[in-house]
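Structural overview for review
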Amino acid sequence: MPATITRREQNKTAITGIPKELAVKAGSRLEPAPLDPEQVIIDLTPSPKTLPSLENFGFGENKTDHMLVCTYDSITGWAAPEIKPYGPLSLDPASSCLQYATSVFEGMKAYLGPDGEIRLFRPELNMQRLANSAARVALPQFDQDALLTLIKRLVTVDARWIPAAPGYSLYLRPTMIGTRSAFGVTPSDSAILYVVCAPAGPYFRSGVKPISLLAGGEGVRAWPGGTGGHKVASNYSPGFVPQIAAAKQGYDQILWLFGDDRRVTEAGAMNFFIVVKREDDENEIDIITPPLDGTILPGITRSSCISLLQSHSTDELTLSHIPSSHRIHVHERILTMPEIAKWYSQGRVLEAFTVGTGVVVAPVGKIGFEGLEIVFPKYVENGGFGPVTKGIMERLLDIQFGRREWKGWSVRCD
Ligand SMILES: *Cc1c(COP(=O)(O)O)cnc(C)c1O
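Because the structure is predicted, anything quoted here is derived from the model rather than measured. (Residues numbered from 1 in each chain as written. Predicted model: local features only at pLDDT ≥ 70, side-chain atom pairs only at ≥ 80, totals over all residues. Heavy atoms only, no water.)

Side note on empty space enclosed by the protein
Counted according to the given criterion, the structure contains three cavities of 30 Å³ or more. Considered as a void within the structure, the largest cavity measures approximately 70 Å³ in volume. In this structure, the largest cavity is lined by Gly107, Met108, Lys109, Tyr111, Phe121, Asn126, Ile300, Thr301, Thr357 and Gln400. Here the lining of the largest cavity gets three residues from one element, more than from any other, and that element is strand β6 (residues 108-112). Per-class residue counts for the lining of the largest cavity are four nonpolar, five polar and one charged. (1 Å grid on protein atoms, 1.4 Å probe; cavity = no way out; pocket = protein on both sides within 12 Å on 5 of 7 lines; lining within 4 Å. Points joined across faces, edges and corners; volume = space filled by probe spheres on them. Helix = DSSP H or I, 4+ residues; strand = E, 2+ residues; numbered from the N terminus. Nonpolar A, V, L, I, M, F, W, Y, C, P; charged D, E, K, R; others polar.)

See below:
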């Protein structure tokens, strides 16, 4: 693409040695270039990899043949995007992302439908959230539609990697990192935005197993005014030690709590829901998830579950498995462990489940809290699923794989 190269060369010559401020003062009309899918340079690998067999899928262990790489510089803006063979990035050891964790990411999936079409699930929300995460750590903004167009292009290039087996998909990991290489503790004025893909199997290999949660554990995941509401890399590694401690006690994940009132926030890196029946009327069912107060990651699965559950039993939709006598009320509100313990002692806790792109929906089998074990024995025989958990999971999968249309949530890749 000679046109692309010419333009980049021009920008470089024009600004050689002249700081942006001076260039602007001198009346230069140089504007940082926007991210532009039309300029994409596609360099296909000469040696495509052998596809792994379905049994050998870990979570993100096998990467596809290609990756999307877009570089940003505060003066020239976004360079021509590249789709090129998957491989290492070359970074200065002093890079801002390595020193100051200017690193944000997304998690999304491409699904192959029974009609042979590839779809993304509400991908514009991933673009929006990536932009919000980038803004939180002063990384550059980008044209969200342009990035989505480029991602669709990448997925199309690596389409043969999307397994055609039920429950399988292609996991996409858009990432943005700061590449400024001076030690000053300041925002990064250069960045790389890249997307890599890995085929993903069902989260539960040998059938669904309800997960166990240790409420509390050591440390907190997020706090008011912090970064818990953004997908920034620095949120995750501090959770590894508490996670190891919880695993030693036999729990799968931590149910992160916050504050003296032991507020429930999230489970591992998933959003949390609990299903409770009312004292005075067994058919009035409250489904509660913590509110987006800045300590909760605004999950796309979370928001989709809320919206589907709110639409249940309307003219528009009826979720399977949920008894027709149930009247469902969804609440985004503060939820504390003492409250859950009280409802449990009253026999009112029906189900709990966690949600996220990776897992989709996982039933909770047990919550440990200060010596108390809250167990959900009723559904253990039933694959661990209560009716609400099962109903919402099936509907989400149907929409994601394009088996059912719902509000344009599933977007075709072409
Ligand atoms: C990504 C993530 C989620 C789930 O978000 P989805 O958009 O549903 O995948 C929940 N909690 C945390 C901490 C996360 O990082």
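After presenting the structure, the write-up continues.
Re the layout of surface pockets
Approximately 1,100 Å³ is the volume found for the largest pocket. What lines the largest pocket is a set of 43 residues, among which Phe59, Tyr236, Gly268, Ala269 and Met270 lie closest to the centre. Where the lining of the largest pocket is concerned, the elements lending two or more residues are β8 (169-178), α6 (240-248), β11 (253-258), β13 (270-277), α7 (300-311) and β16 (349-356). Considering every element that reaches the lining of the largest pocket, the biggest residue donor is β11, with three residues. Taken together, the residues that form the lining of the largest pocket break down as 20 nonpolar, 16 polar and seven charged. A volume near 490 Å³ is recorded for the second largest pocket. Lining the second largest pocket are 28 residues, with Pro166, Gly167, Pro202, Leu397 and Phe401 sitting closest to its centre. Of all the secondary structure elements, the ones that give two or more residues to the lining of the second largest pocket are β6, β17 (360-369) and α9 (387-400). With four residues, α9 is the single largest residue contributor to the lining of the second largest pocket. Taken together, the residues of the lining of the second largest pocket break down into 18 nonpolar, seven polar and three charged.

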